Amino acid sequence: MHGTTPRELDPAGAQTLLTEHFEPGADRLAHSIGVGRRAEHVARVLGCPDLLVSAAYLHDIGYAAAARDTGLHQLDGARYLRGLGAPPELTGLVAHHTEATVEAAERGLDGALRREFPRPASDLLDLLTYCDLTTSARGESVTVDERFERIYDRYPPGHLVSRSMQDAEPRLRRLVSGIERRLALRFR
């Protein structure tokens, strides 16, 4: 698969993998790069490992044609990365980002998700989810309000993704608020 080995899944290798799987100018590529860049900043401020940054760049790899299987992009991406030899810490973050278990339950895939990819430590997972929820589809910095508004514009009421996000929204908003407070304390 394009010669990618686990040691190349550092942040630079993650970016390379993205460009091999998404067309230049595609929203999915722009979003993934934006999330990765936000994670670089968060990692610098909070002293997090490169694992967070690699996971941020690769969090939506499950949308790539080469990875698509079940329709649950978190599970598809984690399986794809596992097939490339990615470490469990990375695949677990990709598998569980942004309350994946909620949509997995809607799709009847929650058992597979939990069996194959144990939920990782919450700190890095929360930071990854924060980066995802504060980055637009075009890779720009947005508020969580703007992000939810755009998600609901893209997926009509009753759509599986819309229902899943509505269910997870209160928890996700609390998560984002907590991380924003944490980041603000670093700049006092």
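For every chain, the first residue of its written sequence is number 1, and the numbers climb from 1 along that sequence. Reporting of local features is limited, given that this is a predicted model, to residues whose pLDDT is at least 70; pairs of side-chain atoms are given and counted only at 80 or more, and all residues count toward the totals for whole chains, interfaces and linings. The side-chain figures draw on all heavy atoms in the structure; neither hydrogens nor water molecules are used.

Chemist: Whenever I open this one, the nonpolar core confuses me. Can you help?
Modeler: The tendency in soluble globular proteins is for nonpolar side chains to be buried side by side. Residues grouped as a nonpolar core are buried Ala, Val, Leu, Ile, Met, Phe, Trp, Tyr and Cys residues, joined through side-chain atoms within 4.5 Å. Only protein chains enter the calculation, and the probe is 1.4 Å; a residue is then buried if its accessible area is under 20% of its type maximum, exposed if over 50%, and partly exposed in between. Grouped together as the largest cluster of nonpolar side chains are 59 residues, with contacts concentrated most on V42, L52, I61, L81, L127 and Y130. Helix and strand labels come from DSSP, where a helix needs a run of H or I of at least four residues and a strand needs a run of E of at least two; each type is numbered from the N terminus. Tallying contributions element by element places helix α10 (residues 160-186) first for this core, with nine residues. We call two residues contacting when some pair of their heavy atoms lies within 4.5 Å. Residues contacting I61, with those up to four places away along its chain left out, are L17, L18, H21, F22, A67, G77, Y80 and L81.

Chemist: Can you help me understand the pattern of salt bridges in this one?
Modeler: Pairing of side chains with opposite charge becomes possible as their charged atoms draw close. Take a side-chain nitrogen of Lys or Arg and a carboxyl oxygen of Asp or Glu: if they are within 4 Å of each other, that pair is a salt bridge. Scanning all chains against the criterion turns up 13 salt bridges. Each of D69, R79, R82 and E116 takes part in one network of salt bridges that share partners.

Chemist: How do you make sense of the side chain of S32 when you look at a structure like this?
Modeler: The topology assignment puts S32 in helix α2 (residues 27-46). Residue classification places S32 among the buried positions, given a relative accessible area of 0%. We define a polar contact as two N or O atoms separated by no more than 3.5 Å, with the added condition that, inside protein, one atom must be a possible hydrogen donor and the other a possible acceptor, whereas residues neighbouring each other in sequence contribute only through side-chain atom pairs. Of note is the side chain of S32, whose polar atom sits 3.0 Å from the backbone oxygen of R28. Each residue touching S32, except ones within four places of it in the same chain, is listed here: L18, A56, Y57, H59 and D60.

Chemist: Hey, could you run me through empty space enclosed by the protein in this one?
Modeler: Empty space left among the atoms is revealed by rolling a probe the size of a water molecule over them. Every definition here rests on a 1 Å grid over the protein atoms only: cavities are sets of points where a 1.4 Å probe fits but cannot get out, pockets are open sets enclosed by protein on both sides within 12 Å along at least five of seven lines, and lining residues have some atom within 4 Å of a point. Grid points are joined across faces, edges and corners, and a volume is the space filled by probe spheres set on the points. The tally for this structure, following the rule as stated, stands at one cavity of 30 Å³ or more. Of the volumes computed, that of the largest cavity is approximately 50 Å³. Lining the largest cavity we find H96, T98, E99, R119, L125, D126, T129, L172 and L175. Elements represented by at least two residues in the lining of the largest cavity include exactly α8 (122-133) and α10. Here the element with the most residues in the lining of the largest cavity is α8; it accounts for three residues. Among the residues making up the lining of the largest cavity, the classes are represented as three nonpolar, three polar and three charged. Ten residues, namely Ala, Val, Leu, Ile, Met, Phe, Trp, Tyr, Cys and Pro, are considered nonpolar, four, namely Asp, Glu, Lys and Arg, are considered charged, and the remaining ones, Gly among them, are considered polar.

Chemist: What should I look at first to understand helix α1 (residues 11-21) in this one?
Modeler: Residues separated by three or four positions in an α-helix point in the same direction, a consequence of the helix having 3.6 residues per turn. Within α1, burial applies to P11, G13, A14, L17, L18 and H21. The buried residues of α1 occupy an angular sector of 160 degrees when the element is viewed end-on, so they sit on one face. Buried residues in α1 make contact with α2, α3 (50-58) and α4 (73-83). The arc in question is the one spanned by the directions pointing from the helix axis to the C-beta atoms.

Chemist: Honestly, α8 in this entry has me stumped. Any pointers?
Modeler: What a helix should span is 1.5 Å times the count of its residues minus one. The end-to-end C-alpha separation of α8 is 16 Å, in line with the 16 Å expected for 12 residues at 1.5 Å each. Judged by how many residues are buried, α8 sits mostly within the fold: nine of 12 residues are covered. Burial in α8 covers these residues: L124, L125, L127, L128, T129, Y130, C131, D132 and L133. Contacts from the buried residues of α8 go to α2, α3, α5 (88-96), α9 (144-154) and α10.

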